Amino acid sequence: MARWQDRSEDELEESVTVLKGAGPRTAEQLHDMGIITIQDLIEHFPFRYEDHAIRPLKEVSHDEKVTVQGTVHSMPELRYFGKKKSRLTVRALVDGFLVQAIFFNQPYLKKQIQPGDHIIFSGKLDKNRMIMSGGTVKPRNIERDNELEPVYSVKGDIKVTMLRNLIEQAFNTFGERITEILPSQLLSAYKLTSRKEALYSLHFPHDIMAFKQAKRRMIYEELLLFQLKMQLFRKKEKEGEKGQKKQFVLAKVEDFIRALPFSLTNAQEKVLHDIYADLQANTRMNRLLQGDVGSGKTVVAAIALYVNALSGFQGALMVPTEILAEQHTESLRHLFKDTELSIAHLSGSSKVKERRETLKKLASGEVDVIIGTHALIQESVIFHNLGLVITDEQHRFGVEQRRILRKKGVNPDVLFMTATPIPRTLAITAFGDMDVSTIDQMPKGRKPVKTHWARHDMLPRVLDFIKKETGKGHQAYVICPLIEESEQLDVQNAIDVHAQLSTALPTVSVGLMHGRLSHDEKENVMLAYTKNEIQILVSTTVVEVGVNVPNATVMVIYDADRFGLSQLHQLRGRVGRGTEQAHCILLADPKTEVGKERMGIMTETNDGFELSQQDLELRGPGDFFGVKQSGLPQFKVADLVEDYRVLETARQDAVKLVNSKAFWESADYQPLREMLKKQGAFSQTKID
Ligand code: ADP
Ligand code: MG
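Residues numbered from 1 in each chain as written. Chains lettered and ligands numbered in written order. Predicted model: local features only at pLDDT ≥ 70, side-chain atom pairs only at ≥ 80, totals over all residues. Heavy atoms only, no water.

## Focus: the environment of isoleucine 466
If you trace the backbone, isoleucine 466 turns up in helix H16 (residues 459-471). Each C-alpha atom of the pair isoleucine 466 and valine 554 lies 7.1 Å from the other, and the pair is 88 residues apart in sequence. If we ignore the near neighbours within four places in the chain, the residues touching isoleucine 466 are Ala476, Val478, Leu505, Ile536, Val554 and Val556. (Helix = DSSP H or I, 4+ residues; strand = E, 2+ residues; numbered from the N terminus. Contact = heavy atoms within 4.5 Å.)

Structure (structure tokens):
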């Protein structure tokens, strides 16, 4: 007795073994399903529901499983097959149609059904023969079971009926202990069902409305808790790590911007203001910069590096490929040519002497800005005073690599740039601990790339087209088939296609690029292409990210259906970077529906964000970032694709809450704080 009184009322940590029928063996099997306590049991939600709502017959399609109501029209006929098997047939008038209802192995129904009775029955409808079979029947005057029948996942010997019985017992015995965790203010603002009612309705929904309300409530709760954890983590990190406060003369930055060959888009300016504010604050910048391919992120990075240098700090720009490092070094040298900034470049293939020299200057502070691949995060690389780290195409870097680079300075500001448009839902889920800025506008004068889908046997026409375009002085990329298992085969493909094009277009200079070329060879090819000495560049996907040659107007992709949507969009983004009309030609004979669908989507949309949303829907959140490293949490009721609006709301609410006094002090928020505490939100050092 005393033990009971010690417990707080809302404790649901009791073991499931207190329930009738949950002996040691059952408990063990429940344990395998992750169910140990009453709480676990109550939160083991159905994974889908069968809909038993009554439907008008004319709305039902062939072979659909439904529930209808009607009047019995004939005496039921019962036939036995062997001892146990039986079939009961009865005709019923449903919405003006005569339907033959067949019930297997329910002989007792014969006594329960009389002509003229109103009944509700379910089954699969054969619309051609008007036969419904495989279901159950109930007289209409009896109170019906729930319209929705929950379907649970079970393992081992655990049966659904047993599970349901245990859940019912759990509610009967412990239901009173389920307490509200959301504050009344949120409950009334969103008209949410109470926690207890919502949990109950997910298992025993009275009708569809009740179920929907229950689900809405639990989705919000789940996403709010998740976002609160993110925000608490972020707040803690901000408070814990004091950043460097950067001071600079804005007028100098404005002069620099005025000297650029173009004026910034409004979106670029807006993002820059976010960045200035972060740099000037004494907290550390932790910002994700998203912008579709070609939206002009490089110049934003350059300006941020300039501001950082004006404030007396070194900056680093880290990129995933050597080609990109090379190219960024070129463009930054060009952009900074009239400033005193000293720019250096470091990559895995830098020559030993050159490398030693660079490292020395970096350690002494002579170098202001360094650009490189992951060579930048090697131990031998020591900075004098690293103040800003920018990573371009950040999705290519592991979390760990980013962390190491950050550790090379005293809490340097960090900016992650990505052109892989991350659907907003994923951005705020996977990167919810960061601030997000988006460049949502293209530079003036850009024409959207026209995308065409052609079969491989149309190659001759495609070649004619390339010839025409190069004749006008433009350039083209030809991306070779991708054979993921073997880099060797990728390279071979590129060599073959290069030979083929060189023969087919003898008057045009065709270059070749792939991962097996030496560093110098790559550099030379890229340089020749940039200078338009090479008109057609045959390449593997090494040019996928970041490469910028505005004079290129044609992108041809072999076996395009083998690439994911985001990757195709990245490749397409290599053209359309100037003012001329650009074209992307997808060569594909897709064999799968998904392949066809991808080609269709690519020809229809140029918007990277919309595309990434579709990619997410086609592939699911887990696959979106390719590898397992996505770091996305598993939700019990929420669905990242469907519930993105709720996720947005939950995020905004979470931000408001952690910055409010009420959240920290008011009694109304006590249960919410308790729950967060239980989930480790106040002590965590990382989000999982
Ligand atoms: P991404 O966002 O894909 O990295 P880049 O930074 O490579 O794009 O920019 C693409 C091209 O657009 C470059 O040639 C760049 O010089 C040019 N550019 C960037 N900003 C502007 C602007 N505001 N107006 C005109 N051209 C711009
Ligand atoms: Mg870029």
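## Examining the site of ligand 1
Around ligand 1 lies a shell of 17 residues, among which Gly294, Lys297, Thr298, Arg446 and Arg577 are the nearest. Within the contact set of ligand 1, an oxygen atom lies 3.0 Å away from a backbone nitrogen or oxygen of glycine 296. In the environment of ligand 1, an oxygen atom lies 3.0 Å from a nitrogen or oxygen atom belonging to the side chain of asparagine 548. Taken by itself ligand 1 offers 570 Å² of open surface, and the protein chains cover 85% of this. Split by residue class, the shell around ligand 1 holds five nonpolar, eight polar and four charged. (Near = heavy atom within 4 Å. Polar contact = N/O pair within 3.5 Å; in protein donor to acceptor, adjacent residues only side chain to side chain. Areas by Shrake-Rupley, 256 points an atom, 1.4 Å probe, with all protein chains shown as cover. Nonpolar A, V, L, I, M, F, W, Y, C, P; charged D, E, K, R; others polar.)

## Overview of the sheet that holds strand E21 (residues 552-557)
Sheet strands line up and pair through hydrogen bonds in the backbone, either parallel or antiparallel. Spatially, E17-E22-E21-E18-E20-E19 is the arrangement adopted by the six strands of the open sheet, whose pairing is parallel. Looking at strand neighbours, the two that pair on one side only are strand E17 (450-454) and strand E19 (510-513), the edges of this open sheet. Recorded for the sheet is a direction-independent mean angle of 20 degrees between the axes of neighbouring strands. Direction of pairing for E21 relative to strand E22 (residues 583-587): parallel, over a ladder of four bridges. From the neighbouring strand, valine 554 faces E22, where its bridge partner is histidine 583. Where helix H19 (residues 565-572) meets the sheet, it contacts E17, strand E18 (475-479), E21 and E22, and its direction lies at approximately 150 degrees from that of E21. (Pairing = 2+ DSSP bridges. Axes fitted to C-alpha atoms, helices over the stretch in contact; angles between N-to-C directions.)

## Looking at the sheet that holds strand E13 (residues 369-372)
One open sheet holds the seven strands; their spatial order is E12-E13-E11-E14-E15-E10-E16, and the pairing between them is parallel. Edge positions in the sheet fall to strand E12 (343-346) and strand E16 (435-439), since each has one partner strand and no second. Averaged over all adjacent pairs, the angle separating strand axes in this sheet is 20 degrees, with direction ignored. In this sheet, strand E15 (residues 413-418) lies alongside strand E10 (residues 286-291) in parallel orientation, the contact comprising five bridges.

## Brief notes about the packing of H19 against helix H20 (residues 593-604)
Axis angle and axis distance: for two packed helices, these are the angle between their axes and the distance between the axes, and together they describe the pair. Look at H19 against H20: their axes get within 11 Å of each other, and the N-to-C directions meet at 40 degrees. Regarding the angle of H19 to H20, the classification is oblique. Crossing handedness for the pair H19 and H20: right-handed. For the pair H19 and H20, contact is made by Leu565, Leu568, His569 and Arg572 and by Arg598, Met599, Ile601 and Met602, respectively. (Parallel < 35°, antiparallel > 145°, perpendicular 65-115°, else oblique. Left-handed = near helix turned anticlockwise from the far one by under 90°.)

## What to know about the side chain of arginine 673
Considering the arrangement of structural elements, one finds arginine 673 in helix H25 (residues 670-678). For arginine 673, which is buried and forms no salt bridge, the nearest opposite charge comes from glutamate 674, at a distance of 6.8 Å. Among the polar contacts listed, one links the side chain of arginine 673 to the backbone oxygen of tryptophan 664, at a separation of 3.4 Å. If we skip the residues at most four places from it in the chain, arginine 673 touches Ala662, Phe663, Trp664, Glu665, Ser666 and Phe682. (Buried < 20%, exposed > 50% of the residue type's maximum accessible area, 1.4 Å probe, protein only. Lys, Arg positive; Asp, Glu negative; His and termini not counted. Salt bridge = Lys/Arg side-chain N within 4 Å of Asp/Glu carboxyl O.)

## Comments concerning the pairing of strand E6 (residues 118-126)
Of all the nine residues making up E6, seven are buried; the element is thus mostly covered by neighbouring parts of the structure. Pairing of strand E2 (residues 65-72) with E6, which is carried by seven bridges, proceeds in the antiparallel orientation. Across the sheet, valine 66 pairs through a bridge with glycine 123, a residue of E6. Bridging between E6 and strand E7 (residues 131-133) involves three bridges; their strand directions are antiparallel. Looking across to E7, one finds that aspartate 126 is bridged to isoleucine 131. Connecting E6 to the next strand, E7, in antiparallel fashion are four residues, including methionine 130 with a positive phi near 55 degrees.

## Focus on the packing of helix H10 (residues 266-280) against helix H11 (residues 297-310)
Between H10 and H11, the shortest axis-to-axis distance is 10 Å and the interhelical angle comes to 30 degrees. Here H11 runs roughly parallel to H10, going by the angle between their axes. Crossing geometry of H10 relative to H11 is assigned as right-handed. In contact with Gln268, Val271, Leu272, Ile275, Tyr276 and Leu279 of H10, H11 contributes Val299, Val300, Ile303, Ala304 and Val307. Here the residues of the contact of H10 with H11 are counted per class, giving ten nonpolar, one polar and no charged.

## What to know about empty space enclosed by the protein
To find leftover empty space, a probe the size of one water molecule is rolled over the atoms. Counted under the stated rule, the structure contains two cavities of 30 Å³ or more. If you trace the largest cavity, you find it lined by Glu322, Ile323, Glu326, His519, Lys522, Glu523 and Met526. Contributions of two or more residues to the lining of the largest cavity are made by helix H12 (322-335) and helix H18 (519-530). In terms of residue count, the dominant contributor to the lining of the largest cavity is H18 (four residues). (1 Å grid on protein atoms, 1.4 Å probe; cavity = no way out; pocket = protein on both sides within 12 Å on 5 of 7 lines; lining within 4 Å. Points joined across faces, edges and corners; volume = space filled by probe spheres on them.)

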